[in-house]
Amino acid sequence: MGVCVLFVLLFICHSHSLQIQEPLHRFKRYQEDVPSDPASCVSRTNQDFTNSHNFSVDIRMPGVLPMGSDTYFCMSYPVPANRDSYIVDFIPHASMDTVHHMLLFGCKTPVSTSGYWDCGSSQGTCKDEASIMYAWARNAPPTKLPKDVGFKVGKNSGMTHFVLQIHYGDISAFRDHHRDCSGLSLRMTTKPQPFIAGIYLLMSVDTVILPGKRVTNADVACDYSSYTIYPFAFRTHTHRLGKVVSGYRIRDGEWTLIGRQSPQLPQAFYPVNRELSVKYGDTLAARCVFSGEGKTSNTYIGGTSDDEMCNFYIMYYMDSEHAVPFMNCMEPGSAELFEDIPAEANVPIPVSAAHMNSMMHMGHSTDRQDDMSMLEKKNAEQDLDEDTHLEQVSSWPQSSLQLGQVSGLALDSDSNLVIFHRGDHVWGPDSFDSEAQYQQRSLGPIQQSTILVVDPAKGNILKASGRNMFYLPHGITTDKDNNYWVTDVALHQVLKVSGDGKDRILLQLGEAFTPGSDSNHFCQPTDVVEDPQTGNIFVSDGYCNARILKFSAEGNYLSKWGAGTSDRRRRTPFRVPHSLMFLPDKEEVCVADRENGRIQCFIAESGEFVKEIKKEEFGGRVFAITYSPAGGGLIFAVNGESLYNPTPLRGFVIDYSTKDILDTFAPEKKEFKMPHDIVVTRDGSVFVGDAGSKKVFKFTSEKLHRSVKKAGIEVQELEAMETIIQTKVRPESNASKTAVVHQKQSESLPPPPPPQQKAVKAEEVEEEKKKKGETRPVKEQGVLPAVITTLLLVPLVLVISVGLFVCWRRNNRCEVKSDPSSVGGILGKIRGKAVGGLNLGNFFASRQGYTRQGFDQLSTEGSDQERMDEDSSDSENEEYSSIPPPKPSS
């Protein structure tokens with residue numbers, strides 16, 4: 001028996017040591033993915049036998065031994081195709097312990113076509129013009145191009161050879177005289193790609209960093225004078241003195257960030273922080289911030305590791321018809337231009353050892369990798385721990401508002417709620433004819449006050465206006481002077497109305513009761529929003545037309561555009577652009593494309609398509625949207641009833657960056673009938689106007705309430721509870737994600753008071769289980785625990801069996817009790833189930849502040865894995881993807 005137990009313990013310890021060693025071994029292999037086998041140092045082409053179009057190319061240094069520091073070696077390899085081919089992936093095989101940086105060029109005539117050569121001298125890389133296609137340094141991870149995008153090489157590209165250049169900085173790594181085979185692999189295809197990738201390099205050539213000087217800026221800027229490009233990735237490069245490198249597009253004096261990163265982090269190509277374009281007439285600019293502290297002599301731009309570099313690479317794509325594979329800029333920017341550079345460009349990004357380690361393990365991601373985005377991610381994780389949820393304030397409003405069909409909501413500058421409703425008018429099947437002509441003019445305008453300013457806290461009316469002005473109100477917004485911009489679908493007009501209660505029409509667009517599709521007419525316009533900086537307004541038009549129109553603050557027509565697309569093979573027009581929102585922090589306009597069930601966002605300045613959000617949870621229809629810049633950007637939306645896809649009517653909270661649904665909400669007692677508009681206040685309260693029920697609903701997360709979900713088990717917890725409940729729920733790797741709203745929007749609010757007695761949070765329980773070694777292993781490792789459990793149970797069962805046999809021999813005087821020390825208790829603990837079936841609903845229902853809700857069918861006898869699988873959902877793959885060059889609207 002003792003031998004058996006000792007064997008089991010030794011087996012566990014050995015397995016544990018293997019689990020520790022394996023990730024360390026994998027990490028080392030990742031860092032030094034350079035083959036030691038000389039046969040692996042051969043450059044070669046590998047055909048993909050599963051797809052005749054696809055192949056890969058391994059380009060490796062042929063076992064080189066640099067004899068001095070700052071050696072540059074180059075080697076060439078012919079493009080293995082007698083026709084055009086396209087690079088779609090770059091996979092580096094190098095370690096920063098050996099290689100300072102690595103560049104891949106494409107050209108027609110390399111310096112040599114055999115062996116390798118010293119390219120740090122006057123020989124260089126190519127006899128003709130060389131185009132940079134890839135750059136690597138500091139253990140950067142692989143780079144994956146967007147779908148339908150590739151670097152064109154081969155027959156008609158002018159690039160028939162690859163040239164690999166490697167800079168070996170410090171040769172102390174070669175003290176053992178080993179030979180280096182660093183290089184990279186290219187995944188390629190002969191299938192033509194609709195969009196061709198290229199590199200734009202901004203590089204300083206004359207910067208001098210003075211010794212001891214705390215800050216030296218290297219500025220580069222050039223006017224762009226080619227066809228439109230679409231940046232999708234960026235890379236920064238300096239040597240040791242670089243603190244931060246930032247790149248921008250400047251258009252009409254506005255600086256838009258392309259990318260910002262510390263050059264001391266892995267020098268990979270990181271995703272651009274937004275989808276944007278660079279077109280003829282724009283300016284591209286970059287700034288490198290250096291520090292000369294600790295230096296005793298001037299530092300110049302140069303090729304050795306003791307020199308410095310200031311490089312900002314932009315990886316872009318453009319239409320294949322106008323493709324240019326490489327462009328560069330080496331002009332120093334003027335002091336006047338860089339007076340307006342955003343302040344963030346001057347703020348160094350701190351790099352901790354932990355940050356460096358995490359970046360070295362980073363896989364290819366679409367998340368922003370700069371310091372600001374890491375901070376946002378951390379805040380988002382903290383928000384997830386809060387698990388707040390929007391709930392209806394059933395006591396609001398305190399008295400009836402006597403509303404008609406509620407068509408629009410807005411907020412004034414004092415954060416009061418503005419309601420736009422139809423009084424005694426109703427939009428019915430007889431309101432319009434087939435030509436969109438309003439058929440009920442004889443009713444006259446609405447006699448009631450259609451615009452109500454309401455106290456958001458209590459719901460009492462503060463001001464009423466809009467009598468005898470409108471026929472069928474629809475959308476409303478306010479400007480900084482608290483004037484109202486409204487749309488009326490019967491009038492086919494957009495009106496600017498004074499907010500002083502005198503109902504003065506300050507500006508009108510469109511011709512009353514006259515539908516049309518030119519720049520002077522609308523056809524049932526649905527909504528209007530204002531750019532608070534420029535005063536420009538945007539109109540969604542509408543039920544008959546499928547377009548967005550842009551006007552100046554004075555009402556002058558500026559531009560229009562239709563729907564965008566993220567699918568190059570298909571463009572779906574708007575089907576009732578129903579609601580608009582303006583994103584002041586991103587300078588974008590987003591549209592609720594109602595009948596297509598999607599949200600589309602566009603650059604406010606140009607109308608260029610940015611992104612689309614379309615979810616199955618919408619049920620095919622999105623009625624209204626609004627925006628809060630808190631937490632990096634939150635979109636609030638409401639869906640509509642669909643005949644073809646029955647889906648609950650509810651509100652959604654959506655993360656702008658990830659497109660994830662963070663929360664859903666709906667009235668507790670009465671359901672939505674036709675949620676028609678939505679607004680969110682600065683304190684996080686959400687109001688939904690319902691045209692069907694003629695009501696406005698208020699939702700807030702300000703209750704001291706929290707919904708905690710772990711492993712598919714939901715617990716409703718009141719902060720006022722005094723009872724300590726400590727339950728250990730088995731953690732699952734993909735526990736359900738719960739809502740995140742209130743903390744993102746109301747960071748200034750004080751935290752809720754802690755319980756009077758200390759309660760163990762689910763996160764603390766999980767951490768404690770990790771310390772005790774009780775964490776459930778992942779599925780792939782499930783065989784080993786099963787073996788260990790079986791080996792432990794065998795001697796245990798033998799002992800118990802012997803005891804039972806002895807008891808039986810003593811005339812059944814021994815009784816087995818079902819306590820924790822009994823067989824049932826022990827096996828129950830091992831299986832993670834309570835023998836007899838503990839029902840958590842009954843358990844929590846007996847405690848103060850808890851309800852049975854969500855627990856009636858839940859028992860610990862059920863399968864945790866089954867419940868987890870039911871609660872899990874697939875998340876969208878958010879790799880950055882290319883967007884097509886915009887086509888002019890007709």
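Our structure's up above, just so we're on the same page.
Described below are features of the structure shown in this document. (Residues numbered from 1 in each chain as written. Predicted model: local features only at pLDDT ≥ 70, side-chain atom pairs only at ≥ 80, totals over all residues. Heavy atoms only, no water.)

Some words on the overall build of the protein
Heads up, the rule is: Counting from the N terminus, the helices are the DSSP runs of H or I reaching at least four residues and the strands are the DSSP runs of E reaching at least two. Burial classes: relative accessible area under 20% of the type maximum marks a residue as buried, over 50% as exposed, and values in between as partly exposed (1.4 Å probe, protein chains only). By the convention used here, residues are in contact when the closest approach between their heavy atoms is within 4.5 Å. Using the Shrake-Rupley algorithm and a 1.4 Å probe, accessible areas are obtained, with residue cover drawn only from the displayed protein chains.
Looking only at helices and strands, one finds ten helices and 48 strands in the protein. Looking at the protein residue by residue over its 890 residues, the buried ones come to 50%. Within the protein, residue pairs in contact and separated by at least 24 positions form 67% of the contacts whose partners lie at least 6 positions apart. When the accessible surface of the protein is summed, it comes to about 42400 Å², and 50% of that surface belongs to carbon and sulfur atoms.

Some details on the state of the cysteines
In protein structure, a disulfide is the covalent linkage between the sulfur atoms of two cysteines. Applicable threshold: Only a pair of cysteine sulfur atoms within 2.5 Å qualifies as a disulfide here.
Summed over all chains, the structure comprises seven disulfides. Note on cysteine connectivity: Cys74 is disulfide-linked to Cys119, with sulfurs 2.1 Å apart. Every disulfide takes its handedness from the sign of the S-S torsion; for Cys74 and Cys119 that torsion is 80°, giving right-handed. Here Cys74 is found in strand β3 (residues 71–78), whereas its partner Cys119 is found in the loop between β6 (116–118) and β7 (131–137), with 45 residues between them in sequence. This pair shows no difference in class: Cys74 is buried, exactly as Cys119 is.

Side note on the nonpolar core
Stated precisely, the cut-off is as follows: The set of buried Ala, Val, Leu, Ile, Met, Phe, Trp, Tyr and Cys residues whose side-chain atoms join them within 4.5 Å is what this entry labels a nonpolar core.
Phe162, Leu186 and Tyr200 are the most contacted members of the largest nonpolar core, which totals 88 residues. Counting residues in each nonpolar core, the second largest holds 20 residues, with Met469, Tyr484, Leu491 and Leu495 among its members.

Focus: a negative patch on the surface
Rules: Two distance rules govern patches: like charges are joined within 9 Å, and nonpolar side chains (Val, Leu, Ile, Met, Phe, Trp, Tyr) within 5 Å, applied only to residues with over 30% relative accessible area and no salt bridge. Put simply, a salt bridge is a Lys or Arg side-chain nitrogen that is within 4 Å of an Asp or Glu carboxyl oxygen. Residues scored as positive are Lys and Arg, those scored as negative are Asp and Glu, and His as well as the terminal groups of each chain are ignored. A charge is said to be at NZ when it belongs to Lys, at CZ for Arg, at CG for Asp and at CD for Glu.
On the surface, Asp252, Glu254, Glu587 and Glu605 cluster together to form a negatively charged patch. Relative to the elements of secondary structure, Glu587 occurs in the loop between β36 (577–583) and β37 (588–593).

Quick notes on the sheet that holds strand β24 (residues 406–411)
Applied cut-off: Only strands joined by at least two bridges in the DSSP assignment are considered to pair. The convention used is that axes are lines fitted to C-alpha atoms, helices contributing only their stretch in contact, and that angles between N-to-C directions extend from 0 to 180 degrees.
Pairing within the open sheet is antiparallel, and its four strands lie in the order β24-β25-β26-β27. Both outer strands of the open sheet, β24 and β27 (461–465), are each paired with one neighbouring strand and no more. In this sheet, neighbouring strand axes are inclined to one another by 20° on average, regardless of whether the strands run parallel or antiparallel. Sheet topology note: the β24/strand β25 (residues 417–421) ladder contains five bridges and is antiparallel. Within the sheet, the bridge partner assigned to Leu411 lies in β25 and is Leu417.

Some points on the packing of aromatic side chains
Inclusion rule: Stacked, tilted and edge-to-face pairs are distinguished by plane angle, under 30 degrees for stacked and over 60 for edge-to-face with tilted covering the rest, among Phe, Tyr and Trp rings (Trp via its six-membered ring) whose centres lie within 6.5 Å.
Counting across every chain of the model gives 34 aromatic pairs. On the numbers, 5.7 Å between centres and 80° between planes, the contact of Tyr168 with Phe174 is edge-to-face. When its relative accessible area of 0% is taken as the criterion, Tyr168 is described as buried. When the ring of Phe420 is compared with that of Phe470, the centres are 5.2 Å apart and the planes differ by 85°; the resulting orientation is edge-to-face.

Section: unusual backbone geometry
The residue after Trp396, namely Pro397, is reached through a cis peptide bond having omega -5°. Its location among the elements puts Pro397 in the loop between β23 (391–392) and β24. The phi torsion at Ser415 lies on the positive side, around 65°, for a residue other than glycine. Relative to the helices and strands, Ser415 resides in the loop between β24 and β25. When its relative accessible area of 17% is taken as the criterion, Ser415 is described as buried.

Concerning the layout of surface pockets
Where we set the bar: Each cavity reported here is a set of points on a 1 Å grid over the protein atoms alone in which a 1.4 Å probe fits but cannot get out, each pocket an open set with protein on both sides within 12 Å along at least five of seven lines, and each lining residue one with an atom within 4 Å of a point. Grid points are joined across faces, edges and corners, and a volume is the space filled by probe spheres set on the points. Residues were grouped as follows: Ala, Val, Leu, Ile, Met, Phe, Trp, Tyr, Cys and Pro as nonpolar; Asp, Glu, Lys and Arg as charged; and all remaining residues, including Gly, as polar.
Estimated volume of the second largest pocket: approximately 1100 Å³. What lines the second largest pocket is a set of 42 residues, and nearest its centre among them are Leu411, Thr477, Thr478, Glu530 and Phe582. Looking at the lining of the second largest pocket, the elements that each hand over two or more residues are β24, β28 (473–478), β32 (525–530), β36, β40 (622–628) and β44 (675–680). For the lining of the second largest pocket, the per-class residue count stands at 20 nonpolar, twelve polar and ten charged.

A few points about the pairing of strand β5 (residues 101–107)
For β5, the buried fraction is high: seven of the seven residues fall into the buried class. Side chains His101, Leu103, Phe105 and Cys107 of β5 all project onto a buried face; the interleaved residues Met102, Leu104 and Gly106 project onto the opposite face, where all are buried too. As paired strands, β5 and strand β10 (residues 161–168) are joined by seven bridges and run antiparallel to one another. Considered in β10, the bridge of Gly106 is made with Phe162.

Some details on the sheet that holds strand β39 (residues 609–613)
In space, the four strands of this open sheet follow the order β36-β37-β38-β39, with antiparallel pairing throughout. Looking at which strands have only one partner, the edges of the open sheet turn out to be β36 and β39. Direction aside, neighbouring strands of the sheet carry axes that sit 20° apart on average. Strand direction decides the pairing type here: β37 and strand β38 (residues 598–603), joined by six bridges, are antiparallel. Bridging across to β38, Val591 finds its partner in Gln600.

Description of the side chain of His237
Note that His237 resides in strand β15 (residues 230–237). For His237, a relative accessible area of 3% gives the class buried. In this structure, His237 is in contact with His100, His101, Pro263, Gln267, Met309, Cys310, Asn311 and Tyr313, ignoring residues within four places of it in sequence.

As for a nonpolar patch on the surface
A cluster of nonpolar side chains, namely Val208, Leu210 and Tyr300, defines an oily patch on the protein surface of about 250 Å² accessible area. With respect to the helices and strands, Tyr300 occurs in strand β20 (residues 299–300). Relative accessible area serves as the criterion here: at 45%, Tyr300 is assigned to the partly exposed category.

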